[in-house]
Amino acid sequence: MLGPVILAASRSDRMRRLVSAAPVTKQVVDRFIPGETVDEILPVIEELAGNGLELTMDVVGEDITTPEQATAARDAYLELIGRLGPLELGARAEMSVKLSMFGQALPGGHELALANVRPVVEAAAAIGTTVTLDAEDHTTLDSMFAIHDELRGDFPQTGCVIQAYLFRTQEDARRLAANGSRVRLVKGAYKEPAEVAHQHKHEIDKAYVRILRTLMEGEGYPMIGSHDPRLISITQELARTAGRKPDEYEFQMLYGIRGEEHLRLAAEGHRMRVYTAYGTDWYGYFMRRLAEKPANLRFFLRSMVSKG
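Quick look at the structure, then. (Residues numbered from 1 in each chain as written. Predicted model: local features only at pLDDT ≥ 70, side-chain atom pairs only at ≥ 80, totals over all residues. Heavy atoms only, no water.)

## Points about the overall build of the protein
Then comes step 1: From N to C terminus, the protein includes 13 helices and 8 strands.
Then comes step 2: In the protein, once contacts between residues fewer than 6 apart in sequence are set aside, the share between residues at least 24 apart is 73%.
Then comes step 3: As displayed, the protein has an accessible area near 13700 Å², and 55% of this comes from carbon and sulfur atoms. (Helix = DSSP H or I, 4+ residues; strand = E, 2+ residues; numbered from the N terminus. Contact = heavy atoms within 4.5 Å. Areas by Shrake-Rupley, 256 points an atom, 1.4 Å probe, with all protein chains shown as cover.)

## Observations concerning the packing of aromatic side chains
Pairs of aromatic rings are described using the distance from one ring centre to the other and the angle between the two planes.
Then comes step 1: Tallied over the entire structure, the rule returns 2 aromatic pairs.
Then comes step 2: Between the aromatic rings of Y77 and F102, the centroid separation amounts to 5.8 Å while the plane-to-plane angle is 80°, which identifies the pairing as edge-to-face. With Y77 in helix α5 (residues 67-84) and F102 in the loop between β2 (93-97) and α6 (109-126), the pair connects residues that are 25 residues apart, well separated along the chain. For the pair formed by Y77 and F102, the shared burial category is buried.
Then comes step 3: Ring centres 5.9 Å apart and planes at 80° place the aromatic pair Y249 and F251 in the edge-to-face group. (Phe/Tyr/Trp six-rings, centres within 6.5 Å; stacked < 30°, edge-to-face > 60°. Buried < 20%, exposed > 50% of the residue type's maximum accessible area, 1.4 Å probe, protein only.)

## Topic: the nonpolar core
Then comes step 1: With 74 residues, the main nonpolar core has M95, F102, V117, L133 and I162 as its most contacted residues.
Then comes step 2: Ignoring sequence-local partners within four residues, the contact set of L133 consists of V97, L99, V117, M144, I147, H148, L151, G159, C160 and V161.
Then comes step 3: F32, I33, L254 and Y275 belong to the second-largest nonpolar core, a separate cluster that totals 5 residues. (Core = buried A, V, L, I, M, F, W, Y, C linked by side-chain atoms within 4.5 Å.)

## Examining the sheet that holds strand β4 (residues 159-163)
Then comes step 1: Spatially, the 8 strands close up into a barrel ordered β1-β2-β3-β4-β5-β6-β7-β8, and their pairing is parallel. Ignoring which end each strand starts from, the neighbouring axes of this sheet average 30° apart.
Then comes step 2: Relative to strand β8 (residues 272-278), strand β7 (residues 250-254) runs parallel, the two being bridged by 4 bridges. Residue pairing in the sheet places F251 in a bridge with M272 of β8.
Then comes step 3: The strands touched by helix α4 (residues 38-50) are β1 (54-59) and β8; relative to β8, the strand with the most contacts, the crossing angle is about 170°. (Pairing = 2+ DSSP bridges. Axes fitted to C-alpha atoms, helices over the stretch in contact; angles between N-to-C directions.)

## Regarding the pairing of strand β6 (residues 221-225)
Looking down a regular strand, the side chains alternate between one sheet face and the other.
Then comes step 1: For β6, the tally of buried residues reaches 5 of 5 residues, placing the bulk of the element in the interior.
Then comes step 2: Residues Y221, M223 and G225 point to one face of β6 and P222 and I224 to the other, with burial holding for every one of them.
Then comes step 3: Of the pairings in the sheet, the one linking strand β5 (residues 182-186) to β6 comprises 4 bridges and is parallel in character. Each bridged residue has a counterpart across the sheet, and for V183 the counterpart in β6 is P222.
Then comes step 4: Once the chain exits β5 it traverses helix α9 (residues 201-217) before rejoining the sheet at β6, and the crossover so formed is right-handed. (Right-handed = clockwise from strand over helix to strand, strands pointing away.)

## Observations concerning the side chain of D134
Then comes step 1: Turning to its location among the elements, D134 is positioned in the loop between β3 (131-133) and α7 (141-152).
Then comes step 2: Within polar-contact distance, the side chain of D134 engages the side chain of R184 at 2.6 Å.
Then comes step 3: The contact partners of D134, leaving out residues within four places of it in the chain, are S96, V97, K98, M144, V161, R184 and Y275. (Polar contact = N/O pair within 3.5 Å; in protein donor to acceptor, adjacent residues only side chain to side chain.)

## Some words on the pattern of salt bridges
Then comes step 1: Within this structure, the stated rule accounts for 23 salt bridges.
Then comes step 2: With a shortest N-O distance of 2.7 Å, R271 and E54 are connected by a salt bridge. In this pair, R271 sits in the loop between α11 (259-267) and β8 while E54 sits in strand β1, placing the two residues 217 residues apart along the sequence.
Then comes step 3: Given a relative accessible area of 25%, R271 falls into the partly exposed group.
Then comes step 4: Residue classification places E54 among the buried positions, given a relative accessible area of 11%.
Then comes step 5: The residue E250 makes a salt bridge to R273 at a minimum N-O spacing of 2.6 Å. Note that E250 is positioned in strand β7 and R273 in strand β8, a separation of 23 residues in sequence.
Then comes step 6: The class for E250 is buried, based on a relative accessible area of 1%.
Then comes step 7: For R273, a relative accessible area of 2% corresponds to the buried category. (Salt bridge = Lys/Arg side-chain N within 4 Å of Asp/Glu carboxyl O.)

## Quick word on the packing of α7 against helix α8 (residues 169-178)
Then comes step 1: Where α7 contacts α8, the axes come no closer than 13 Å and their chain directions differ by 0°. When the axis of α7 is compared with that of α8, the two are roughly parallel. Every residue of α8 that contacts α7 at F145, H148 and D149 is listed here: D172, R175 and L176.
Then comes step 2: Class assignment for the residues of the contact of α7 with α8 results in 2 nonpolar, 1 polar and 3 charged. (Parallel < 35°, antiparallel > 145°, perpendicular 65-115°, else oblique. Nonpolar A, V, L, I, M, F, W, Y, C, P; charged D, E, K, R; others polar.)

## Section: the environment of P222
Then comes step 1: Examined against the element boundaries, P222 turns out to sit in strand β6.
Then comes step 2: Counting along the chain gives 63 residues from P222 to G159, while the straight-line C-alpha distance between them is 9.9 Å.
Then comes step 3: Other than its neighbours up to four places away in sequence, P222 contacts V183, L215, M216, R244, E248, Y249 and E250.

What follows is the structure, given as structure tokens:
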């Protein structure tokens, strides 16, 4: 029940100021966001890669109100890619991008977002890696999928994200699986109306398994975005049934959550990719992590009580 409340707080300037000003906040935020600059994040990347893990990097920030801010977001990703090149990690370190950061919600936003994301995809390909387009609220998805289709014409490895709680996602999964896309499946972290999305956990979980089966039986590359032990076990069973080898799908989990499980899966020979966010505009990302799982909220509140 607290999820919608926290998501509403993620859009509140007053709550942003309150949470940002709390003395303990940075210590807790560091659990999920291990740096604000490229210089701070590079040692984290090297450590994770050295432990046999793969990464998808997210430069946090969504409140884009001008074309200049969208250009700055593009340049932040280009800087990251430029610094990743010498590490020679290739596809072990990819990028995740939100098209809202590249101006999708501005006037002419579809064309602006495509123009800004294309150089990022090109630069990623030049160092042997790729980009995944994150899903946002349901009103943005037609534009996101159209941009995804456009980019895959030149860069077929470009990935996208689908969200199990949306009613439309089963059909999106069928289309994407048939096209051989790289597809990350998540439960969904935006507040969506009952007209377009499941509202209860058990409904979302059942939808997740149905969609996961579609992806596993298809021609694409499934990326399982979940920390749920039950869904991880179901994934492994569906992969065996579909005849997939361990390198024909991957698990993805957030930095700072179930780190021991990251290492366990990697040690068993699975591809395990850690979604690692960094940057100064961390508030919206942080609040969605709290909304997704009660344990995250309890961790934050306990920290505020014990350290505040």
